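# Geometric and topological summary
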Amino acid sequence: AGIAVGQSIILDDGSSIVLQPWDGQSRFTVLAVGLDRRPGETGLAYRTDTMLLISIDPKTNSMGVLSMPRDLYVEVPGYSQRQRINTAMVLGEIQQPGYGPTLAMLTSQRNLGIRVHEYVAVDFQAFVDLVDSIGGVEITTDYTINDRNYPDMNYGYDPFYLPAGTHQLNGYDALRFARTRHGDNDIERAKRQQQTIFAIRDRILNFEILP
C-alpha cells in the first residue's frame, strides 16, 4: 500500500507511467486534493472534489497552480472506460487500501503530461484547523456571495453571505469561501480556491504577523 514511487504501470496501448521521486533540483510538483470527508469519517475512499497541481521551480523561486475540474472525464490507468477525475482516489482505494493516492497521481500524470512527485490530502476540518492556526486569511472579492444553499460539514445547510470587499476570514469562513459555487460554476470556484491558497501563502510568509 502507499505511493508506488518508481513503480512502472503498463497501459493497454503498451506505454508505461512511472512515478519518479524528486531529484531535489528540478521542478517539484505536488497533487493537492480536498477530500469530501465529513467529521467522524476516516480513510481515503472519498471523492476528491478539489484537485490542484502545485508546481514549484526552485531555480526561479516561483510557483504555479493548476486546478482540475472535478467532472473532467479522463483515462484512469486500469479502466477501459473514461472516469471522472475526482473518482480516481476512490477507485484506487477499492483496489487496495492505500493505493488511492498512487492512482490519483498516475491519472493526473497520464492525462496532463506533468510529472507528479508527491501528494497531500486534506479534509474540511484539516483546512479549517490550518487557517485558524495562522490567524485567518485576508480575502478580497469584488462581488457579493449570497449562497443560501451552502452545504455544511454534516450534509445539512449553512447559508453563507459575504459582501464585496476585503475581509479577514477565519478557518470556517475561508472554507465556505473556497467551497461555495452557488450562482456560478466549478471554474469560478477553482479561482476562489486558488485565491485562498495564495492568501495562505502570503500569511505564512509574513514574518511580521506570525510568531
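Calculation notes
As a convention, each chain's residues are numbered from 1 in the sequence order in which they are written. Side-chain atom pairs in this predicted model are given and counted only at pLDDT of 80 or more, local residue features only at pLDDT of at least 70, and totals for whole chains, interfaces and linings cover all residues. As a rule here, side-chain values come from all non-hydrogen atoms in the structure, and water together with hydrogens is ignored. Strands pair, by our definition, only if DSSP identifies at least two bridges between them. The helix count covers DSSP runs of H or I at least four residues long, the strand count covers runs of E at least two residues long, and both are numbered beginning at the N terminus. Every angle, taken between N-to-C directions, lies between 0 and 180 degrees, and every axis is a line fitted to C-alpha atoms, over only the stretch in contact when it is a helix. Here, nonpolar core refers to any group of buried Ala, Val, Leu, Ile, Met, Phe, Trp, Tyr and Cys residues whose side-chain atoms link them within 4.5 Å. Exposure classes here rest on a 1.4 Å probe applied to the protein chains alone. A residue is buried below 20% of its type maximum, exposed above 50%, and partly exposed in between. What makes two residues a contact is simply this: any of their non-hydrogen atoms within 4.5 Å. Regarding the arc, it is the one traced by the directions from the helix axis to the C-beta atoms. Buried and open spaces are told apart on a 1 Å grid over the protein atoms alone, a cavity being a set of points where a 1.4 Å probe fits but cannot get out and a pocket being an open set with protein on both sides within 12 Å along at least five of seven lines. Residues with an atom within 4 Å of a point are the lining residues. Grid points are joined across faces, edges and corners, and a volume is the space filled by probe spheres set on the points. Just so you know the grouping, Ala, Val, Leu, Ile, Met, Phe, Trp, Tyr, Cys and Pro go in nonpolar, Asp, Glu, Lys and Arg go in charged, and all remaining residues, Gly too, go in polar. Salt bridges are identified by distance alone: a Lys or Arg side-chain nitrogen within 4 Å of an Asp or Glu carboxyl oxygen.

## Quick look at the sheet that holds strand S8 (residues 118–122)
Within a sheet, each strand pairs with its neighbour through backbone hydrogen bonds, oriented either parallel or antiparallel. Taken in spatial order, the four strands line up as S5-S4-S3-S8 in an open sheet, and their pairing is mixed. Sheet topology places strand S5 (62–67) and S8 at the edges, where each strand pairs with a single neighbour. Within the sheet, the average angular offset between the axes of one strand and its neighbour, ignoring direction, is 20 degrees. Relative to S5, strand S4 (residues 48–57) is paired through six bridges, and the arrangement is antiparallel. Looking at the pairing, Ser 55 lines up with Gly 64 of S5.

## What about the nonpolar core?
In this structure, Leu 31, Val 33, Met 51 and Met 68 are the most contacted members of the largest nonpolar core, which totals 21 residues. When residues of this core are traced back to their parent elements, those giving at least two are strand S3 (28–35), S4, helix H1 (88–95) and helix H2 (100–112). No other element matches H2, which puts four residues into this core. Contact partners of Met 51, with chain neighbours within four places excluded, come to Leu 31, Ala 32, Val 33, Leu 66, Ser 67, Met 68, Ile 85, Asn 86 and Ser 108. Judged by nonpolar contacts, the second largest core, of 18 residues, contains Phe 127, Ile 134, Phe 160 and Ala 199.

## Concerning helix H3 (residues 124–133)
Helical geometry: 3.6 residues make up each α-helical turn, so side chains three or four residues apart lie on a common side. Within H3, burial applies to Phe 124, Phe 127, Val 128 and Val 131. One side of H3 holds all its buried residues, which, seen down the axis, span an arc of 100 degrees. In this structure, the buried side of H3 is in contact with S3, strand S9 (137–141), strand S12 (165–169), helix H4 (171–179) and helix H5 (186–204). With its phi angle positive at about 80 degrees, Gly 135 sits one or two positions after the end of H3.

## Regarding the layout of surface pockets
Within this model, the largest pocket holds a volume of roughly 1000 Å³. Every residue lining the largest pocket is counted, 43 residues in all, and those nearest its centre are Gly 34, Thr 50, Leu 52, Val 122 and Phe 127. Taken together, the elements giving at least two residues each to the lining of the largest pocket come down to S3, S4, S8, H3, H4 and H5. The element best represented in the lining of the largest pocket is H5, accounting for seven residues. Each residue belonging to the lining of the largest pocket can be placed in one class, and the counts come to 24 nonpolar, eight polar and 11 charged.

## As for the pattern of salt bridges
Under the defined criterion, the tally for this structure stands at 16 salt bridges. Arg 82 serves as the salt-bridge partner of Glu 75, at 3.6 Å between the closest nitrogen and oxygen. Of the residues examined, Glu 75 reaches a relative accessible area of 34% and is grouped as partly exposed. Arg 181 is paired through a salt bridge with Asp 186; the nearest N and O atoms lie 3.9 Å apart. Under the relative-accessibility criterion, Arg 181 is labelled partly exposed at 39%. Classification of Asp 186 by relative accessible area gives buried; the value is 19%.

Keep in mind that these numbers describe shape and distance, not what the molecule does.
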